[in-house]
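# Remarks on the overall topology
Below are the chains, spelled out letter by letter.
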Amino acid sequence: MSLKSILTHVLALYTVVTFCQKENSNWHFGGSTGISFEDGTPQTITVSSSYVIEGTASISDQFTGEILFYTDADSVWNRNNVGMANSGKINGMPATAGSSTQAALILKKPSSDSLYYIFTAAENAHNAGLQLATVDMSLNGGLGDVIAKNVSLYDGPVTEKLTAVYKCNGIDIWIIAHDYQTDSFIIIEATSAGVSYHSSIAVGSVHSNVRGYMKAFCDPNIGCKIATIKQDGSGAELFNFNSSTGNITSWGSLNPPGFSGYGLAFSPDHSKLYLSGTNATNMTVLQYDLTAGFGNIDSVKNSVYTADSRPKIVGGYASMSVAYDSMIYVGRHSKDTLARIEAPNSPKASCNFNFNGYALNAGLPPGYGQAFYGLTNNFDGYNYFDLSLDINHSCDLTDSITIELTSPPYYDNYDVMYSDGGNANLNFSNSFIDSHLFTDTSDSYVTIIAIDQFGCNRILKQKLLHNPLDTIPSTYQICEDSSINITGPDADNYLWLSTNDTQQTIAINESGQYSLVISNTCYADTLTIRVDKMDNTLELQNWTDSIICLDSTIDIISNNHGNNISYLWSNGSTSTSISVSSEGTYSLITRLDTSGCTYTLNETYNVNTIDCNSEQIEDSFYIYIPNIFSASSKDNNTFRPRFTGVKKLMISIYSQSGQKIYVSNDLDRYWNGTYRDQYVNNGVYTYVIDILDNQQSALQYIGNVTFFR
């Protein structure tokens, strides 16, 4: 069978050689200073709110490199160097807290556009332990606010070590800390669902000294590794990390004689490990080749090279961080100049250690413009590798489909799955071609899972354009005074005819009919969408102010009833009616919740009282006509006008259709809401009252009364 339609998939997988992306473009640290790599070359930050001896963390926009916010693990400052709302004491430490080696780490919440997590490791194994704060950058006009803090992830105590690495899926993140006075790593998991404790893993030596760095990386060539260092002279340890399960196993120890370490960093290509610290007389920076002997730990130990060693000064060499320019910067305590490893991927002397690598001096007062012990604690795992997929094919896929894959060497296994149930398991060194004939005429997909030698995978799923475009619901309802975002189905092009908008999603706040034209390489379609506003079904009460006799009662009744209606009267009652016997103004808030919409009415009813038995009332004409009554009421269950000075009276009641349903000229008889001995329906009825008073004056009153059973 000839190939009527050919689908070519080119699978491009690559390692990002720049170790960190634009998220790490700005560092704030030390004595109100820092470095910006936003323009590609380092520039000193001369205005910063940070003044801290050790660790800080900063985060920048992943696309522009503009600073978003930074923290010293106590306060959080926005890009204008102003403290965010609710940002004080985010680490749960007391006011006397000082500093922590890797005090904080900032990570963007997986699959979120605006939420960022700040993880903090308490100083000196304080019982605040490992804590979490959350920043929402959509607040405060894009400057961000702290929306949660002091969330305990591990009660501790923990050491001052804090790092992170991506999970196998390249989206979720492992956060790694270390318990104090034990040999246990603490593993925390961050996903789109949130942050949670995962496990404690006992491996390596006991950490009875809190200070010293920990760093981790994942590389599809050599897997995921963790390195730790302690300031107690016991050197550094190396571990293997399974980024699929979060498990840690020992790789080996590096124990340079008499070396008390503080900082460490991996080279951008992950082939070298650098340690900074002191021995009895000197401050020293060491380099290890992690690829020596194909990673044999004895070979790695023997590869040690002293990149720099000189008589120690107070503090000596401190923290180390990989920058956006792919150099490693080395803190020098209480100095306004940083050392720098300018070619960290290169072996031995060619790594080019520069003692006076970068000057921070910005003309600031003494004690400012210095690094002290700490630099910014970066997350070095941004986009360490990625996948891409290009597809070209005709719109008619009734014949065999050919898939062509090319791969770099560290991917040697693929699962290819077709939506009609077909699959292929591919093992190859660099390329493979598979041919598949779809048997299902519904929407067709090809899913490719690329698996590396460490069991990590990347998943690509592509829909094939051989069926017409999808649709969306044709009708929508919105509430009064609100709008709705309507999103068109997946397509390449969009045109909303009513607004000429070409976006997939538009906001609509008016009832009406809207047309959306969508198209892709193969198809075009016009969708008609109807938007209707839901009516406010709450009715205004036909209330009028009432006058009642002293020592009598009147019912005030809402005429809005239903399962989704709630009531709140001014006396606190939540029933459909209240009985009142005293003068005053009574209010009712009626709330209707239906189909996601909420309507509210606020109304008042005035009640006045008079002494109906007073001589003044008896000698003159007076009449009170109620406007509402209920058959279920105890005191207000008849239509009973109250009057004095009346000689004759006739009451007539009419239905809404104009039919007379009650008539009486008995001064002591009142309508009870029935017609032919049956209660009438709830509703509004018209009364006509004809009166001849004691002065022989003829009077007539016409109005409405509301009846409820």
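Residues numbered from 1 in each chain as written. Predicted model: local features only at pLDDT ≥ 70, side-chain atom pairs only at ≥ 80, totals over all residues. Heavy atoms only, no water.

## Considerations on the nonpolar core
Ile556, Val580 and Val607 are the most contacted members of the largest nonpolar core, which totals 21 residues. Looking at this core, the elements with two or more residues in it are β42 (554-557), β43 (565-569), β44 (577-580), β45 (584-594), β46 (597-610) and β47 (622-624). Among the elements that line this core, the one with the most residues is β46, at 5 residues. Leave out the neighbours within four places in its chain, and valine 580 touches Ile548, Ser552, Thr553, Ile554, Ile556, Tyr586 and Val607. (Core = buried A, V, L, I, M, F, W, Y, C linked by side-chain atoms within 4.5 Å. Buried < 20%, exposed > 50% of the residue type's maximum accessible area, 1.4 Å probe, protein only. Helix = DSSP H or I, 4+ residues; strand = E, 2+ residues; numbered from the N terminus. Contact = heavy atoms within 4.5 Å.)

## Some words on the pairing of strand β18 (residues 236-241)
Here β18 lies mainly inside the structure; 5 of its 6 residues are buried. Bridge count for strand β17 (residues 223-229) against β18 is 6 bridges, and the pairing is antiparallel. Of the residues in β18, the one forming a bridge with isoleucine 226 is phenylalanine 239. Linking β17 to β18, which pair antiparallel, is a turn of 6 residues; within it glycine 233 sits at a positive phi near 85°. Across 6 bridges, the pairing between β18 and strand β19 (residues 248-254) is antiparallel. Across the sheet, phenylalanine 241 pairs through a bridge with isoleucine 248, a residue of β19. (Pairing = 2+ DSSP bridges.)

## Side note on the pattern of salt bridges
If you walk through the whole model with that rule in mind, you get 6 salt bridges. For glutamate 66, the salt bridge identified is with arginine 79, shortest N-O distance 3.5 Å. Of the two residues, glutamate 66 sits in the loop between β5 (57-60) and β6 (67-71) while arginine 79 sits in the loop between β7 (76-78) and β8 (104-108), which places them 13 residues apart along the sequence. Since its relative accessible area comes to 25%, arginine 79 is described here as partly exposed. For the salt bridge of glutamate 342 with arginine 340, the shortest nitrogen-to-oxygen distance reads 3.2 Å. A relative accessible area of 23% means that glutamate 342 is categorised as partly exposed. (Salt bridge = Lys/Arg side-chain N within 4 Å of Asp/Glu carboxyl O.)

## Focus: the state of the cysteines
Throughout the structure, instances matching the rule amount to 1 disulfide. At a sulfur-sulfur separation of 1.9 Å, the disulfide partner of cysteine 218 is cysteine 224. Its S-S torsion of about 105° marks the bond between cysteine 218 and cysteine 224 as right-handed, since a negative value means left-handed. Across the pair, exposure class does not vary: cysteine 218 and cysteine 224 are buried alike. (Disulfide = S-S within 2.5 Å.)

## A few points about the sheet that holds strand β9 (residues 115-121)
Spatially, the 4 strands line up as an open sheet ordered β8-β9-β10-β11, and their pairing is antiparallel. Only two strands of the sheet have a single neighbouring strand rather than two, namely β8 and β11 (145-154). Within this sheet the neighbouring strands show an average axis-to-axis angle of 20°, counted without direction. As paired strands, β8 and β9 are joined by 5 bridges and run antiparallel to one another. (Axes fitted to C-alpha atoms, helices over the stretch in contact; angles between N-to-C directions.)

## Points about unusual backbone geometry
Although it is not a glycine, asparagine 81 sits at a positive phi angle of roughly 65°. Here asparagine 81 lies in the loop between β7 and β8. A residue is classified by how much of its surface remains accessible, and asparagine 81, at 21% relative accessible area, is partly exposed. Non-glycine residue serine 326 carries a positive phi angle of around 70°. Assignment of secondary structure puts serine 326 in the loop between β24 (317-322) and β25 (328-332).

## Here's the deal with the sheet that holds strand β26 (residues 337-341)
Taken in spatial order, the 4 strands of this open sheet run β24-β25-β26-β27, and their pairing is antiparallel. A strand with exactly one partner marks an edge of an open sheet, and here the two such strands are β24 and β27 (353-359). The mean angle between the axes of side-by-side strands here comes to 35°, regardless of whether they run parallel or antiparallel. Sheet topology note: the β25/β26 ladder contains 3 bridges and is antiparallel. Each residue of the ladder has a partner; that of tyrosine 329, found in β26, is arginine 340.

## Things to note about the environment of phenylalanine 643
As for its position among the elements, phenylalanine 643 is in strand β49 (residues 642-644). Note: C-alpha distance between phenylalanine 643 and tyrosine 622 (21 residues apart in sequence) is 5.2 Å. Those residues in contact with phenylalanine 643 that sit more than four places away from it in its chain are Tyr622, Ile623, Leu649 and Leu667.

## Thoughts on the side chain of asparagine 78
Checked against the element boundaries, asparagine 78 lands in strand β7. For asparagine 78, a relative accessible area of 3% translates into the label buried. Of the polar contacts made by the side chain of asparagine 78, one reaches the backbone nitrogen of asparagine 80; its length is 2.8 Å. (Polar contact = N/O pair within 3.5 Å; in protein donor to acceptor, adjacent residues only side chain to side chain.)

## Observations concerning the side chain of serine 48
Structurally, serine 48 can be placed in the loop between β4 (43-45) and β5. What makes serine 48 buried here is its relative accessible area of 9%. Of note is the side chain of serine 48, whose polar atom sits 2.7 Å from the side chain of histidine 28. Separated by 3.1 Å, the side chains of serine 48 and serine 50 make a polar contact. In contact with serine 48, not counting residues within four places along its chain, are His28, Ser32, Thr33, Tyr70 and Asn81.

## A short note on the environment of glycine 316
Relative to the helices and strands, glycine 316 is located in the loop between β23 (305-311) and β24. According to the relative accessible area criterion, glycine 316 is buried, its value standing at 1%. Placed 39 residues apart in sequence, glycine 316 and glycine 277 show a C-alpha to C-alpha distance of 7.0 Å. Leave out the neighbours within four places in its chain, and glycine 316 touches Met283, Gly331, Arg332 and His333.

## A closer look at the confidence of the model for the chain
Mean pLDDT over the chain stands at 81; residues scoring 70 or higher make up 84%. With pLDDT under 50 throughout, residues 1-20 is counted as low confidence; its partners more than four residues away or in other chains account for 87 contacts. (pLDDT = per-residue confidence, 0-100.)

## As for the packing of aromatic side chains
Counted according to the given criterion, the structure contains 25 aromatic pairs. Aromatic pair phenylalanine 37 and tyrosine 329: ring centres 5.7 Å apart, planes at 70°, arrangement edge-to-face. With phenylalanine 37 in the loop between β3 (33-36) and β4 and tyrosine 329 in strand β25, this pair connects stretches of sequence that are 292 residues apart. You'll find phenylalanine 37 and tyrosine 329 in the same group, each marked buried. What links up through ring pairs into an aromatic cluster is the set Phe629, Phe639, Tyr662, Trp671, Tyr679, Tyr685, Tyr687 and Phe707. When the ring centre of tryptophan 251 is taken as reference, the NZ or CZ atom of lysine 225 above it lies at 4.4 Å. Positioned over the ring face of phenylalanine 355 is arginine 310, at 3.7 Å from the centre of the ring. (Phe/Tyr/Trp six-rings, centres within 6.5 Å; stacked < 30°, edge-to-face > 60°. Lys NZ or Arg CZ within 6 Å of the ring centre and 35° of its normal.)

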